[in-house]
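Inside the fold
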Amino acid sequence: MPEYDFSELILLVGTNPLPNFVVADYFKRQNKELKNIWLVCSEDVDSIGQKGTHDQAKRLRNLLNARDFESSGISTKFIPLSRVSAAMQIRQDIQKRVIKCLPQD
């Protein structure tokens, strides 16, 4: 059985959150060091016609919590992307909302 020792799991939430659920559930069982699941999702931005995936991320969080993730000490955090068609904006969002919040080893 493989051994894992990372504490942060970052998942990109699309329109089908099922693959993310499978991955999160697997690592919950296989990695006792897992502390945070970061759900990267897009925001609704009407001015540019961007449809968000925040609702899918919320449903995924609810499903994870129903599977006792919170009681296992694993927290779920949302990371909204403001503009998914702009690489520099994605980089800035990830840097500001994820990278700076990760534990420094």
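Everything here concerns the structure above.
Below or above, wherever it landed, is the structure these notes cover. (Residues numbered from 1 in each chain as written. Predicted model: local features only at pLDDT ≥ 70, side-chain atom pairs only at ≥ 80, totals over all residues. Heavy atoms only, no water.)

1. Some remarks on the pairing of strand S2 (residues 36–42)
Counting buried residues in S2 gives 7 out of 7 residues, a clear majority hidden from the surface. Examined bridge by bridge, strand S1 (residues 8–12) and S2 share 5 bridges and lie parallel to one another. Bridged to Leu12 within S2 is Val40. At this point the chain moves from S1, through helix H1 (residues 18–30), to the parallel S2, and the crossover so formed is right-handed. Of the strand pairs in this sheet, S2 and strand S3 (residues 75–81) are connected by 7 bridges, and their pairing is parallel. The partner of Ser42 across the bridge, within S3, is Leu81. (Buried < 20%, exposed > 50% of the residue type's maximum accessible area, 1.4 Å probe, protein only. Helix = DSSP H or I, 4+ residues; strand = E, 2+ residues; numbered from the N terminus. Pairing = 2+ DSSP bridges. Right-handed = clockwise from strand over helix to strand, strands pointing away.)

2. Notes on the sheet that holds S1
Spatially, S1-S2-S3 is the arrangement adopted by the 3 strands of the open sheet, whose pairing is parallel. Two strands close off the open sheet at either side, each with one partner strand: S1 and S3. Averaged over all neighbouring strand pairs, the angle between strand axes comes to 20°, with direction disregarded. The strands touched by helix H3 (residues 87–97) are S2 and S3; relative to S3, the strand with the most contacts, the crossing angle is about 150°. (Axes fitted to C-alpha atoms, helices over the stretch in contact; angles between N-to-C directions. Contact = heavy atoms within 4.5 Å.)

3. Overview of the nonpolar core
Ranked by size, the top nonpolar core spans 15 residues in total, and within it Leu9, Ala24, Ile37, Leu39 and Leu64 carry the most contacts. Among the secondary structure elements, those contributing two or more residues to this core are S1, H1, S2 and helix H2 (54–66). Core analysis: the next-biggest nonpolar cluster, separate from the first, contains 5 residues, Trp38, Val40, Ile79 and Val98 among them. (Core = buried A, V, L, I, M, F, W, Y, C linked by side-chain atoms within 4.5 Å.)

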